[in-house]
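# Residue-level structural notes
Here is what each chain is made of, one letter per residue.
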There are 4 protein chains.
Amino acid sequence: MIKAGIIGATGYAGAELVRLLTYHPQTEIHAISSVSFEGEKFCEIYPAFRKICENRLVSADEVIDTCEVVFAALPHGLSQQIAVKCYEKGVLFIDIGADFRLDSADEYKKWYGKEYIAPELHKKAVYGLPEIFRKDIKNATIIANPGCYPTSAVLGLYPVLHEGLIETSGIIIDSKSGATGAGRKLTQTTHFTDLNETFSPYNIGKHRHTPEIEQTLTKIAKEPIAVTFTPHLLPINRGIVSTIYVKTKTTYTELRTAYEKAYSNEKFVRFLPEGITACLGNVRNSNYCDISIHLDEHTQTLIIVSAIDNMVKGAAGQAIQNMNIALGIDETLGLDIIPLNF
Amino acid sequence: MIKAGIIGATGYAGAELVRLLTYHPQTEIHAISSVSFEGEKFCEIYPAFRKICENRLVSADEVIDTCEVVFAALPHGLSQQIAVKCYEKGVLFIDIGADFRLDSADEYKKWYGKEYIAPELHKKAVYGLPEIFRKDIKNATIIANPGCYPTSAVLGLYPVLHEGLIETSGIIIDSKSGATGAGRKLTQTTHFTDLNETFSPYNIGKHRHTPEIEQTLTKIAKEPIAVTFTPHLLPINRGIVSTIYVKTKTTYTELRTAYEKAYSNEKFVRFLPEGITACLGNVRNSNYCDISIHLDEHTQTLIIVSAIDNMVKGAAGQAIQNMNIALGIDETLGLDIIPLNF
Amino acid sequence: MIKAGIIGATGYAGAELVRLLTYHPQTEIHAISSVSFEGEKFCEIYPAFRKICENRLVSADEVIDTCEVVFAALPHGLSQQIAVKCYEKGVLFIDIGADFRLDSADEYKKWYGKEYIAPELHKKAVYGLPEIFRKDIKNATIIANPGCYPTSAVLGLYPVLHEGLIETSGIIIDSKSGATGAGRKLTQTTHFTDLNETFSPYNIGKHRHTPEIEQTLTKIAKEPIAVTFTPHLLPINRGIVSTIYVKTKTTYTELRTAYEKAYSNEKFVRFLPEGITACLGNVRNSNYCDISIHLDEHTQTLIIVSAIDNMVKGAAGQAIQNMNIALGIDETLGLDIIPLNF
Amino acid sequence: MIKAGIIGATGYAGAELVRLLTYHPQTEIHAISSVSFEGEKFCEIYPAFRKICENRLVSADEVIDTCEVVFAALPHGLSQQIAVKCYEKGVLFIDIGADFRLDSADEYKKWYGKEYIAPELHKKAVYGLPEIFRKDIKNATIIANPGCYPTSAVLGLYPVLHEGLIETSGIIIDSKSGATGAGRKLTQTTHFTDLNETFSPYNIGKHRHTPEIEQTLTKIAKEPIAVTFTPHLLPINRGIVSTIYVKTKTTYTELRTAYEKAYSNEKFVRFLPEGITACLGNVRNSNYCDISIHLDEHTQTLIIVSAIDNMVKGAAGQAIQNMNIALGIDETLGLDIIPLNF
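Computed from a prediction, not measured in an experiment: that's the story for all the values here. (Residues numbered from 1 in each chain as written. Chains lettered and ligands numbered in written order. Predicted model: local features only at pLDDT ≥ 70, side-chain atom pairs only at ≥ 80, totals over all residues. Heavy atoms only, no water.)

Below, the discussion takes up the overall build of chain A. Across its full length, chain A holds 12 helices and 14 strands. For 342 residues, the compact-globule formula gives about 20 Å, and the C-alpha radius of gyration of chain A, at 19 Å, lands near that figure. Based on the C-alpha atoms only, the size of chain A along its principal axes is roughly 60 × 45 × 40 Å. Here chain A, with 342 residues, has 67% of them falling under the buried criterion. (Helix = DSSP H or I, 4+ residues; strand = E, 2+ residues; numbered from the N terminus. Rg over C-alpha atoms; globule rule 2.2 N^0.38 Å. Buried < 20%, exposed > 50% of the residue type's maximum accessible area, 1.4 Å probe, protein only.)

Put into structure tokens, the structure is as follows:
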């Protein structure tokens, strides 16, 4: 059994890792840490896990010292030191946070307000979007797990951008996320009565996932890509739907061919048949990304709908997928959780 | 007291009219009809109205024969004959449905699959979006109450389109509506467990509100406008948020000036201060349309957020606003309902 | 116009008072206060009120000095000093909080952990449940507005307890409340993702509304009453349903007669016809209490269902009803808000 | 691999069986049937299952002819003929419906309005509540899977009733269920806007689960038990919380001992520590039943809180647990699904 550790196990992404790793047939949750709850049992914080995960929360150092794979699910800025220690010990490090996603220290400084403390390590970090960068992940020692919005947006755009079937300017990404995306921290915005039965966009034009999306799309298109990205908060727990608008001059058939080529062998991306629309309800609690495309001929606009569970494919599930690849085991292990119909 | 009648009073728009007209100080709900429930009391269908509206449902003809103002909230195709009868009797007719919204019989045929049975009347019908067409409404005898999506989209776009501050091509309208928009009729889509905790777009590129939006924007811009319009269904009861994307070359300040000019004297449109984002929760249960604008300078895209209650400003409230204007009484009468905070 | 003031206007009960008082035709919201937001505009805290209530939040003293009626919606323990000041100035004081509800200083100490600082004033305070204590309220200078759970439970039990038609021991009150009942303060329990899609009881056997319910039932029954009261938290915004179980030996007809006698002249209590069950959806956003009764003959148990909007009849609406009575004006003024169907 | 079949696979209980059986390591979903959708693929009805269950829906007879275990999830009255056929073929039959739950043909007639067509078979049927009747299930050929409400209520009451620690009269069961309990069939009650943000009891004193609860409690107590049972509909998808009230004369410690004795070796019942309250959120999507007890000493009332996922422990999960027992394999196989925290 692979000894897995989670640093920051009591945030939502960390807790979801606990849940999913429990399903993994070759992994054992060996050590988990939390600054806020060190010394307590995980199942005292999350009583759903009573009799399932009775682990006690330890220190981050203990996790690093005793595990073969370390996941960190921490506020930005805190993963870098963890990464340094893991790297020195030769422990595979997978960061659910944002610290290793951006190539440029300047961009990181601009969007997150902090410095890169170990620039050498950043060069070694691999961006863990398996369907696009699988080859790089195989040899990785530090993996930057993509953000939830970038996962949904980039998987939606990849085939047509890679094949050059769309205009590279004027890409619009209108994304809607469930409240788990905002985390476990109490805020007025995520107070029940303030969020229930309402809906609105937030951080318009300044969400931190914007540079991450642009960086990845730029690599795919091999030219600089700027996007307009607007996140919204949905009054539900889980899931992201991105509705993406691009200009195209090709036919619906050719567009479909690009998606089929890209994803027909991918277990976790389901490119939907003509006439079917991707829906959050069909990917909930699973590692699937469902994608549908729709051509509005009267404006020659391609509308791409991409749906994921933000906590699974958008966080913990994809992290496990990355671990599987990096360790050379079956990529799908522990991830055959079935979507909830209802 | 003005004798008001409602034909189709047991659908959601009809029932909302009953609710709002009860607040109106100069109107009496004189007669209401329903094909499905004729003979029953309204409050047996909607028990919330016990001791509030004890009216019994009668026939459509009885409504027309006894009222001074007739509202129809019917499936498309059924309002035209009502309109003919009202017109002959000199009764003000306000159609919450779609039968009188489109100028072109061909477009109506194309989108709704039916013929115009009284083309002369269609020429007399006025499109009842008060903030833009108030002058026409004053003398109207037949008023086509706008669709819910068109109300939110057109109010959002009007100032900058009217002032020529945006590019007229490439307009994208990404709208999200609560489930009352889908009506009282039972469908699998609006079955509780099928809608709760999920989210998706529907009718992409083929929603019937598309030609209505384009027709109105074309009048405002004085040139043909085509839009990409994508509706989504939110797992909440009420409200629409439209997130609208347009290209602009002007400054944020000039854009704000256009909105202030258009709406500073409008009671029911609240153009929000810089830094504030329109939110459905702030207009719920009211006749307000809240609008905020956001300039994404790195792509020169203007993002307009427009929020309404689809049942009030998007249906029954606006219908009453139209009635008030057409009858020459205070436009805001009966409409000072206050948004629910929670 | 009566000059009304609200101390603690930015909590949920206070904000609901702002909303409802705006509808009142003889009242003006003259001054409102908040410790947390003094100096800010109310509509900056609750943007739904933009252009509706532009009042700036002042100090509690300013409210007391300038108003004819003062409502306090404060955490327990803080209302007593306000009451003293109001009493000295001859200002009608209505306390939405718990400080004046219990007759016994010992009980208050036991359940709330504080002392009565002005015992004389507590003797003058009247318990403001109009349907039962209307006469006392007419001459009141200090009114203790009942708790939300007690309002629903006591109105449900009053007729049969008053008429001696049930056994006075073994009364069970199983109540379910929406999240506004827990207030605006951030807690893990009311964090969106922690409450959404879940449900549970809380404070079993030790909720502070228990002594208040028992005190009032004891007065009605004229003998000591102990109840088993279990509150639950519903993942919705508004409303309380209490399902009440009592033993009876009388007939369904006689039971109905007692309710009809008690409530047939009450505007705000709707005793429902046989076969209809009280439902939260029919009282939402209104001052109504809907009550239905059901006799389970095979166990001779009477099941009483009582539904209110916890923020209206359970808080702000009832407070206004009390104000109207105390001031000798029409009891229903400002309270003809209609339930939301959807 | 055991060949499993599901008759009525497109209702909610059937679809949940498809989901859970997919996890089972020793079972293969061999054949599934549906009257409404025969010939279509299951994943066309439930698109969440695309690439997971591509089975085509066949006839009930084909299921019976080709499988070793047959589950039926049908409206009442339809399972009896299926049972006859299975019995003749020697196929293990597990009925999720109500046809084999009641011992008495008269009671069945009274509550369900139908006759027993194969009384001999009814005598062979075993009531499949494993924690109480495990021994009987081991040799069963026909298993009546308990109703969802009875599962939560009986597991909550069993220890204290079995040990004689409570009064056997005056038991009150106040249950609250999510909307999946009402099934996939469209009704006005489960129309999204009619259920969302509301709450009420239904079928008071006449729900069909009443005789089933009483029959089982009578067996446990070895004397006739009558209960007052009130179900309520929660505006959420999954789960049941039963709040149960009984009179007791013993101590809290002795009560706890009874529960510990009954359940300490049960994997799927978690008796919670003192001070913790059972909560629906902790059992969602799992086969656990969480139980907490609370003694209200001032009325000597024991309050038992029992929480299950109505679709898992209350239906499909328990059916699989029964299958495992009847087939003599590990009782927990396929059921180690972990509760969703959020």
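So much for the structure itself; the text now carries on.
Let us look at the interface of chain A and chain B. Contacts between chain A and chain B engage 44 residues on the former and 44 residues on the latter. When chain A packs against chain B, the two sides together hide about 3,300 Å² of surface, and 63% of this comes from carbon and sulfur. Of all residues in chain A, E197(A), F199(A) and Y245(A) bury the most surface against chain B, accounting for 18% of the area lost on that side. Applying the counting rule to chain A against chain B returns 2 salt bridges. A salt bridge links D174(B) to K176(A); the nearest nitrogen and oxygen atoms lie 3.2 Å apart. One can count 25 residue pairs in polar contact (both at pLDDT 80 or more) joining chain A with chain B. Residue composition of the side of chain A that touches chain B, grouped by class: 18 nonpolar, 18 polar and 8 charged. (Contact = heavy atoms within 4.5 Å. Buried area = accessible area lost by both parts, 1.4 Å probe. Salt bridge = Lys/Arg side-chain N within 4 Å of Asp/Glu carboxyl O. Polar contact = N/O pair within 3.5 Å; in protein donor to acceptor, adjacent residues only side chain to side chain. Nonpolar A, V, L, I, M, F, W, Y, C, P; charged D, E, K, R; others polar.)

For the rest of this paragraph, the subject is the packing of helix 8 (residues 148-162) of chain D against helix 11 (residues 252-263) of chain D. Residue and element names in this part refer to chain D. Contact geometry for helix 8 and helix 11: axes closest at 8 Å, N-to-C directions at 115 degrees. By the angle between their axes, helix 8 is roughly perpendicular relative to helix 11. As for how helix 8 packs across helix 11, the hand of that crossing is right-handed. Together, L155, G156, Y158, P159 and V160 of helix 8 and L255, A258, Y259, A262 and Y263 of helix 11 make up the contact between the two elements. Along the lines of polarity and charge, the residues of the contact of helix 8 with helix 11 split into 9 nonpolar, 1 polar and no charged. (Axes fitted to C-alpha atoms, helices over the stretch in contact; angles between N-to-C directions. Parallel < 35°, antiparallel > 145°, perpendicular 65-115°, else oblique. Left-handed = near helix turned anticlockwise from the far one by under 90°.)

Residue and element names in this part refer to chain A. The domain boundaries assigned to chain A delineate domain 1 (2-124) and domain 2 (149-310). Distance from the C-alpha centre of domain 1 to the C-alpha centre of domain 2: 26 Å. Contacts between the two partners involve 15 residues from domain 1, matched on the other side by 15 residues from domain 2. Our enumeration of links across domain 1 and domain 2 arrives at 3 salt bridges. In this structure, E212 engages R101 in a salt bridge whose closest nitrogen and oxygen atoms are separated by 3.3 Å. On the surface where domain 1 and domain 2 come into contact, there are 8 residue pairs in polar contact (both at pLDDT 80 or more). Taken together, the elements giving at least two residues each to the side of domain 1 that touches domain 2 come down to helix 1 (12-23) and helix 5 (105-112). The residue inventory of the side of domain 1 that touches domain 2, partitioned by class, reads 7 nonpolar, 3 polar and 5 charged. (Domains from an automatic or database assignment.)

A few words on the relation of the copies chain B and chain D. At an RMSD of 0.0 Å, chain B and chain D line up after a rotation of 180 degrees and a shift of 0.0 Å along the axis. Given the turn and translation reported, the copies of this chain are related as if by a two-fold rotation axis. When C-alpha positions in chain B are compared against the rotation axis, the closest is assigned to F192(B), at 2.0 Å. The residues that chain B uses at the interface reappear at the interface of chain D in 100% of cases, marking a shared surface. (Least-squares fit on C-alpha atoms with pLDDT ≥ 70 in both.)

Residues and elements named next belong to chain D. A complete count under the given rule lists 76 salt bridges over all chains for this structure. Residue R238 is joined to E16 by a salt bridge in which the shortest nitrogen-to-oxygen separation is 2.9 Å. Here E16 lies in helix 1 (residues 12-23) and R238 lies in the loop between strand 10 (227-233) and strand 11 (240-247), a separation of 222 residues in the sequence. In this structure, R238 and E16 share a single accessibility class: buried. A salt bridge links R256 to E260; the nearest nitrogen and oxygen atoms lie 3.8 Å apart.

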